[in-house]
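Here's the letter readout for the chains.
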Amino acid sequence: MHIAEGFLPPAHAVAWGVASAPFVVHGVRSLTREVREHPESTLLLGASGAFTFVLSALKLPSVTGSCSHPTGTGLGAILFRPPIMAVLGTITLLFQALLLAHGGLTTLGANVFSMAIVGPWAGYGVYRLLRRLGAPLMVAVFFGAFLADLSTYCVTSVQLALAFPDPGSGFLGALGKFGSIFAVTQIPLAVSEGLLTVFVMRLLVQSSKGELTRLGVLLSRPEKAAADTGTQAVAR
């Protein structure tokens, strides 16, 4: 997924950087407020960032000749909301570009937009939708992490197709080619990331129930009682 250093035309690199900047600035403000008002959350913030860094640093060769990897952004988006994940994802991508030659500085804006912005928002959106529809927590977590991963690669396919349209079929032809290259390995990877995120969330439910309740991931007792009452009323 990480578009390599110098791979995008300069105009595209600048445009994606400009598009990403407002989300990152907003995320910095959200992160600052979270740490200032709830300093006890720093450990879980660090764990969310580390989860993203480790998973997205894995480079798995694809049968089509490219490389794919999980993204790890779904967990942080569910816990702390997408704006904060934009910052954690940007830090992750910056360190990977500098230390691992994974991605690049000129393509940082494009990689941030796909992995740290669109991925978290897409994953969080489906997570919230499923929770509102009454889905169990772990089902919503699975699909949130799954879509955060898969949507990242869909956006990367769009970015590459815009930069390198097919000579004959243009943007749509290039989009189909790039999308098919990623889809071969990314769909099973997204499923695996969803399952891993569920496993981590189960551990957090056991060890950090109070913090998850404050973050709204788990319902407090009054909220749970109200939800149960509402469910019973609907059933009648």
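The structure under discussion appears in the preceding block.
Reading the values: rules and limits
- Residues numbered from 1 in each chain as written.
- Predicted model: local features only at pLDDT ≥ 70, side-chain atom pairs only at ≥ 80, totals over all residues.
- Heavy atoms only, no water.
- Helix = DSSP H or I, 4+ residues; strand = E, 2+ residues; numbered from the N terminus.
- Polar contact = N/O pair within 3.5 Å; in protein donor to acceptor, adjacent residues only side chain to side chain.
- Phe/Tyr/Trp six-rings, centres within 6.5 Å; stacked < 30°, edge-to-face > 60°.
- Buried < 20%, exposed > 50% of the residue type's maximum accessible area, 1.4 Å probe, protein only.
- Core = buried A, V, L, I, M, F, W, Y, C linked by side-chain atoms within 4.5 Å.
- Contact = heavy atoms within 4.5 Å.
- Expected span 1.5 Å × (residues − 1).
- Bend = angle between axes of the 7 residues up to and from the residue.
- Salt bridge = Lys/Arg side-chain N within 4 Å of Asp/Glu carboxyl O.

1. Topic: the side chain of Thr107
Part 1 of the argument: Looking at the element boundaries, Thr107 is found in the loop between helix H4 (82-99) and helix H5 (108-132).
Part 2 of the argument: At 3.4 Å, the side chain of Thr107 forms a polar contact with the backbone nitrogen of Gly104.

2. Looking at the packing of aromatic side chains
Part 1 of the argument: If you walk through the whole model with that rule in mind, you get six aromatic pairs.
Part 2 of the argument: With a centroid separation of 5.0 Å and 50° between ring planes, the pair formed by Trp16 and Phe113 is classed as tilted. Linking Trp16 in helix H1 (residues 10-37) with Phe113 in helix H5, this pair joins segments that are 97 residues apart in sequence. You'll find Trp16 and Phe113 in the same group, each marked buried.
Part 3 of the argument: Taken together, the aromatic side chains of Trp16, Phe23 and Phe113 make up a single cluster linked through ring pairs.

3. Digging into the nonpolar core
Part 1 of the argument: In this structure, Leu79, Tyr127, Leu137, Met201, Leu204, Leu212 and Val217 are the most contacted members of the largest nonpolar core, which totals 33 residues.
Part 2 of the argument: Counting residues per element, the ones that place at least two in this core are helix H2 (42-57), helix H3 (73-80), H4, H5, helix H6 (137-163) and helix H7 (170-207).
Part 3 of the argument: Each residue touching Leu212, except ones within four places of it in the same chain, is listed here: Leu44, Leu79, Met201, Leu204, Val205, Val217 and Leu218.
Part 4 of the argument: Core analysis: the second largest hydrophobic core is formed by 18 residues, Ile3, Trp16, Val24 and Ala110 among them.

4. Details of H5
Part 1 of the argument: When the terminal C-alpha atoms of H5 are compared, their 34 Å separation across 25 residues agrees well with the 36 Å that a helix rising 1.5 Å per residue should span.
Part 2 of the argument: Bending of H5 peaks at approximately 30° at the position of Val118, with proline Pro120 no more than four residues after it.
Part 3 of the argument: In the stretch just after H5, Gly134 is the one whose phi turns positive, near 90°.

5. Describing the pattern of salt bridges
Part 1 of the argument: For the coordinates displayed, the defined rule picks out four salt bridges.
Part 2 of the argument: With a shortest N-O distance of 2.4 Å, Lys177 and Asp166 are connected by a salt bridge. Here the residue Lys177 occupies a position in helix H7, and Asp166 occupies one in the loop between H6 and H7, the gap between them amounting to eleven residues.
Part 3 of the argument: A relative accessible area of 48% places Lys177 in the partly exposed class.
Part 4 of the argument: A network of salt bridges, in which partner residues are shared, links Glu34, Glu40, Glu211 and Arg214.

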